[in-house]
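# What the coordinates show
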Amino acid sequence: MATQVVMPKLSPTMEEGQLSRWLKKEGDKVSMGEPLAEIDTDKATMEMQALANGVLRKILINEGESAPLGQPIAIIGEPDEDISALLKTAGEKAPASAKTAEPQAPPADEPKEPEPAKEKPAAKVTPSAETEPPTQSSRDDGRQLISPIAARMAAEAGVDLKSLQGSGPGGRIVKRDIEAAMKPKPESASAAPGLRPMGALRPDGKGTVYGPSGYRDEPLSEMRRTIARRLVTSLGPVPHFFLTSEIDMERAADMRVAINELYPDLKLSVNDIVVKVAAAALIQHPQVNASFQDKTVRFYEHADIGVAVATDNGLITPVVRSADAKSLLEIASEIRELAGRARARKLKPEEYTGATFSISNLGMFGIDEFTAVINPPEGAILAVGAMQPRAVARDNEVAIKQTMRVTMSCDHRVIDGAIGAQFLRTFKQIMENPLYLFLS
């Protein structure tokens, strides 16, 4: 009996999913439990498994399109089975935004464009082809075709699109074309290292393809949509206050060098030390290791610390569980492994949810000091700036010391000013005397 395949709930915070890639094409046999498609959730790319045996009779949404939870996205049935009733039901369930829209006439001030040619069916795309939503169909007016991901990559890397020949359907420039163009080439002696050509920033065709009004629209990823939704539930509803402290990092820096000499493959970072010190301070100040729960304040036994990781699609915070009970070496190794899978969108939901406290470090980008937005329902987040030499007063003399500024954002419903200040004082004391970590 034919069945509808619906958009599944693959993460606790998922409200809709984006079809990243179909692993089967129409007419292929499928077995229960076999991977059917890859779905981009709000935080990761996850496989969706078939829940029935049969043949993939109909694909209802294309790669790159989104659908809310429960919306039919495909039909599995027997080869000769009548699926007309299921097709009709699927059309009724699909929201207006997911249905095929009537073509609209171009604005009066824009010339009409030739009718786009039909693209090849998705089933004929080779397994190595990018699963990127097209922005245009094939055209015969000489203009370049480019996918949203390729356009963004080109703009960020300063790739001249006019010099590229697209390898996608209809000659569209896709992700692999940009990656090929970004391969290292001999640098020009006149080019300043690390600087992006100004042409990449101008809407003149040198950096990317813009519309006639000088802008382009790129669909939001599921991760970026979730970030947008969650931010409006934080800074507005959550009463933030901020505490800043400057920390002498001389001893911590020396300890890091010594540990990396003993374990050269570990590559211990300042952020690894920050995570361990924050965990130790949280255990001493349980009022900070807490969250607001409407009618209660929840206190946690262990410090589960979320570590903000920047990815191509947005920010994600993999969680180091029970960081208070782990050594520096264990924390460093775990953060490397979690961050790598976060950037590859391979984290499981339980690996990026449920933190009791978060850390956001922008020091590697040369940021001295900043404030971070709390991730509800957590009670606080620590923003970490760059460790760098600064002139400081010591014993009535000016000395050059390695220092680092941190700012803690606190939820005033959970943490009072004095409590936050006491936590930050403890954090500073341990960071300035890191041998404490080996004595506790």
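All of the points below concern the structure found in this document. (Residues numbered from 1 in each chain as written. Predicted model: local features only at pLDDT ≥ 70, side-chain atom pairs only at ≥ 80, totals over all residues. Heavy atoms only, no water.)

## Focus on helix α6 (residues 270–284)
For an α-helix, the turn length of 3.6 residues means that residues three or four places apart are oriented alike. Put simply, the rule is: Numbered from the N terminus, helices here are DSSP runs of H or I no shorter than four residues, and strands are runs of E no shorter than two. One less than the number of residues in a helix, times 1.5 Å, gives the span that helix is expected to have. With a 1.4 Å probe rolled over the protein chains alone, any residue whose accessible area is under 20% of its type maximum counts as buried; one over 50% counts as exposed, and the rest are partly exposed.
Taking 1.5 Å per residue as the helical rise, α6 with its 15 residues ought to reach 21 Å, and the 21 Å between its terminal C-alpha atoms agrees with that figure. Within α6, 13 of the 15 residues are buried, which leaves it mostly tucked inside the rest of the structure.

## Comments concerning the packing of α6 against helix α7 (residues 328–343)
Between two packed helices, what matters for the description is the angle formed by their axes and the separation of those axes. Definition in use: Lines fitted to C-alpha atoms define the axes here, with helix axes fitted over just the stretch in contact, and angles between the N-to-C directions of these axes take values from 0 to 180 degrees. Here the word oblique covers every angle except those under 35 degrees (roughly parallel), over 145 (roughly antiparallel) and from 65 to 115 (roughly perpendicular). Put simply, a crossing is left-handed when the front helix is turned counterclockwise from the back one by less than a right angle, and right-handed when it is turned clockwise. Whether two residues touch is decided by their heavy atoms; if any such pair falls within 4.5 Å, the residues are in contact.
One can describe the packing of α6 onto α7 by two numbers: an axis separation of 9 Å at closest approach and a directional angle of 120°. Here α6 is positioned oblique relative to α7, judged by the angle of their axes. Where α6 crosses over α7, the two elements pack in a sense that is right-handed. For the pair α6 and α7, contact is made by Asp272, Ile273, Val275 and Lys276 and by Leu328, Ile331, Ala332, Ile335 and Arg336, respectively.

## Details of the pairing of strand β16 (residues 357–361)
We count it as follows: Two strands pair if DSSP finds at least two bridges between them.
Along β16, five of the five residues are buried, which leaves the element largely enclosed by surrounding structure. Across the two faces of β16 the burial is the same, with Phe357, Ile359 and Asn361 and Ser358 and Ser360 all buried. The pairing of strand β12 (residues 305–307) with β16 spans three bridges and is classified as parallel. Within β16, the residue paired with valine 307 across the bridge is isoleucine 359. Bridge analysis of β16 against strand β17 (residues 380–384) gives four bridges, and the strand direction is parallel. Note on β17: the bridge partner recorded for asparagine 361 is valine 384.

## A look at a nonpolar patch on the surface
Threshold: Each patch groups residues whose relative accessible area exceeds 30% and which form no salt bridge, using 9 Å between like charges and 5 Å between nonpolar side chains of Val, Leu, Ile, Met, Phe, Trp and Tyr. Surface exposure here means Shrake-Rupley accessible area, sampled with a 1.4 Å probe, where a residue is shielded only by the protein chains that are shown. One side-chain nitrogen of Lys or Arg within 4 Å of one carboxyl oxygen of Asp or Glu is enough to make a salt bridge.
Among the surface-exposed residues, Met364, Phe365 and Ile367 lie close enough to one another that they form a single nonpolar patch of about 330 Å² accessible area. Among the structural elements, phenylalanine 365 can be located in the loop between β16 and β17.

## Regarding unusual backbone geometry
Of the consecutive residues proline 376 and proline 377, the connecting peptide bond is found in the cis state with omega at 5°. Note on placement: proline 377 falls in the loop between β16 and β17. Its identity is not glycine, yet lysine 267 carries a phi of approximately 55°, on the positive side. Within the secondary structure, lysine 267 sits in the loop between α5 (250–262) and α6. A relative accessible area of 61% means that lysine 267 is categorised as exposed.

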